[in-house]
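The residues making up each chain are set out below.
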There are 2 protein chains.
Amino acid sequence: MLFSKACTYAIRAAVLAAAKDPDGQRAFIPIRELADEVNVSFHFLTKILRKLTEANIMESFRGPNGGVGLIRPAREISVIDIVAAIDGLGLFEGCALGLPQCSDDSPCPLHDAWRKRREDLKNMLTRTKLADLVRNQTRKAVRR
Amino acid sequence: MLFSKACTYAIRAAVLAAAKDPDGQRAFIPIRELADEVNVSFHFLTKILRKLTEANIMESFRGPNGGVGLIRPAREISVIDIVAAIDGLGLFEGCALGLPQCSDDSPCPLHDAWRKRREDLKNMLTRTKLADLVRNQTRKAVRR
DNA sequence: CCGTTTTCGGACTCTTTTGTCGGGAATATG
DNA sequence: CATATTCCCGACAAAAGAGTCCGAAAACGG
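Residues numbered from 1 in each chain as written. Chains lettered and ligands numbered in written order. Predicted model: local features only at pLDDT ≥ 70, side-chain atom pairs only at ≥ 80, totals over all residues. Heavy atoms only, no water.

1. Remarks on the side chain of Arg12(A)
All names here are of chain A.
Point 1. Assignment of secondary structure puts Arg12 in helix H1 (residues 5-20).
Point 2. Among buried charged residues, Arg12 stands out as having no salt bridge; its nearest opposite-charge side chain is Glu37, 10 Å away.
Point 3. Engagement of the side chain of Arg12 in a polar contact is seen with the backbone oxygen of Val38, the distance being 3.3 Å. (Helix = DSSP H or I, 4+ residues; strand = E, 2+ residues; numbered from the N terminus. Buried < 20%, exposed > 50% of the residue type's maximum accessible area, 1.4 Å probe, protein only. Lys, Arg positive; Asp, Glu negative; His and termini not counted. Salt bridge = Lys/Arg side-chain N within 4 Å of Asp/Glu carboxyl O. Polar contact = N/O pair within 3.5 Å; in protein donor to acceptor, adjacent residues only side chain to side chain.)

Pasting the structure below:
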């Protein structure tokens, strides 16, 4: 898989949060509600989303009417931000064959072909904002 | 990581085997020798390469002067063949967000952008033959 | 036939990822 | 202040990935 499961849950939950707070008016959405729609256990999603709050992507509030919400407007949050917070950026940095000393100077056999594509992939994920994902999502397709 | 560690070891070992048998004259190379150069334990590489023989990519021979070797010439073996044998092709088939019902009909938010890139990646790995990797490898860069 | 070499095959351990659970802290409402 | 709600946090369990190890089987050379 390209992303870890935790990362895909995080992206789906963030997209849902963005969709549920269209005007950026800071409505806090209970994690339980997001978990139901992402179809992952409440506790597990809680653990994952804590990383997003630690990374200053979301903020949270306890108690009745509490929940989580995006700190910045959805059009300012890139998919890569979430990937970086959950999986890290190792995918876009390393050699495809896992060779430590592979570099532009002494490239491994796949070096150039992979570098081009991983940069393109990273650019795509940087360009793509949560707002874009909200826009072209069908409600159905975000649920499992 | 794009590939599992086992998969990167398999690719590196296969490239080495191709390099050591340039004329396709079916020299059997001891796994121990490959393991030293790939810098992975002999036993672990043995386990991995068995999958390549099961997949009819390599053949093996026991006893003195035994070892493993590519069944077909290196120019006829694609990198994707090895990836398929070790990691499977799940990376190139699934939805980037892990949504089971995501399809061309009801695409998830990342569907089109990812499909384009994963197909390009798959094509690249299909076009790239072991012989290509042998050609532009520096000996140094295949070792760890 | 015997000993050596080398793959085969499975059992086993260690680590990471995935997932579950329960108690505590914060917040709102009455 | 009491209670209900909701996130925080750490302990734990299960599954998968990574890696080790050992005995058995095949092949060769004397």
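2. Quick look at the pattern of salt bridges
Point 1. Per the counting criterion, the structure on display carries 12 salt bridges over all chains.
Point 2. Glu33(B) is the salt-bridge partner of Lys20(B), the closest N and O atoms lying 2.9 Å from each other. Of the two residues, Lys20(B) sits in helix H1 (residues 5-20) while Glu33(B) sits in helix H2 (residues 31-38), which places them 13 residues apart along the sequence.
Point 3. A salt bridge links Asp132(B) to Arg135(B), with the nearest nitrogen and oxygen atoms 3.2 Å apart. With Asp132(B) and Arg135(B) both in helix H6 (residues 130-135) and 3 residues apart, the pair spans about one turn of that helix.
Point 4. Assessed through its relative accessible area of 62%, Arg135(B) is described here as exposed.
Point 5. Among the charged side chains, a salt-bridge network with shared partners connects Lys20(A), Glu33(A) and Glu37(A).

3. So, H1(B)
Point 1. In a regular helix each residue adds 1.5 Å, so 16 residues correspond to 22 Å; H1(B) covers 23 Å between its end C-alpha atoms and thus fits that length.
Point 2. Burial analysis of H1(B) places 13 of its 16 residues in the buried class, the great majority of the element. (Expected span 1.5 Å × (residues − 1).)

4. Some words on the protein's contact with DNA strand C
Point 1. Around DNA strand C there are 23 residues in total, and Ser41(A), Lys47(A), Ile31(B), Arg50(B) and Ser60(B) lie nearest to it.
Point 2. The share of sugar and phosphate among atoms of DNA strand C within 4 Å of the protein is 62%.
Point 3. Residue Arg62(A) places a side-chain N or O atom 3.3 Å away from a base nitrogen belonging to DNA strand C.
Point 4. Separating a base oxygen of DNA strand C from a side-chain N or O atom of Arg62(B) is a distance of 3.1 Å.
Point 5. Elements supplying a minimum of two residues to the surface near DNA strand C: H1 and helix H3 (42-54) of chain A together with helix H3 (42-54) and strand S1 (58-61) of chain B.
Point 6. When its residues are assigned to classes, the surface near DNA strand C shows 10 nonpolar, 7 polar and 6 charged. (Near = heavy atom within 4 Å. Nonpolar A, V, L, I, M, F, W, Y, C, P; charged D, E, K, R; others polar.)

5. A look at the protein's contact with DNA strand D
Point 1. Neighbouring DNA strand D are 24 residues; Ile31(A), Arg50(A), Ser60(A), Ser41(B) and Lys47(B) lie closest to it.
Point 2. Within the contact set of DNA strand D, a phosphate oxygen lies 3.1 Å away from a backbone nitrogen or oxygen of Lys5(B).
Point 3. For DNA strand D, a phosphate oxygen lies 3.2 Å from a polar atom in the side chain of Tyr9(B).
Point 4. The set of elements that each furnish at least two residues to the surface near DNA strand D consists of H3 and strand S1 (58-61) of chain A together with H1 and H3 of chain B.
Point 5. When the residues that make up the surface near DNA strand D are grouped by side-chain class, the tally is 10 nonpolar, 8 polar and 6 charged.

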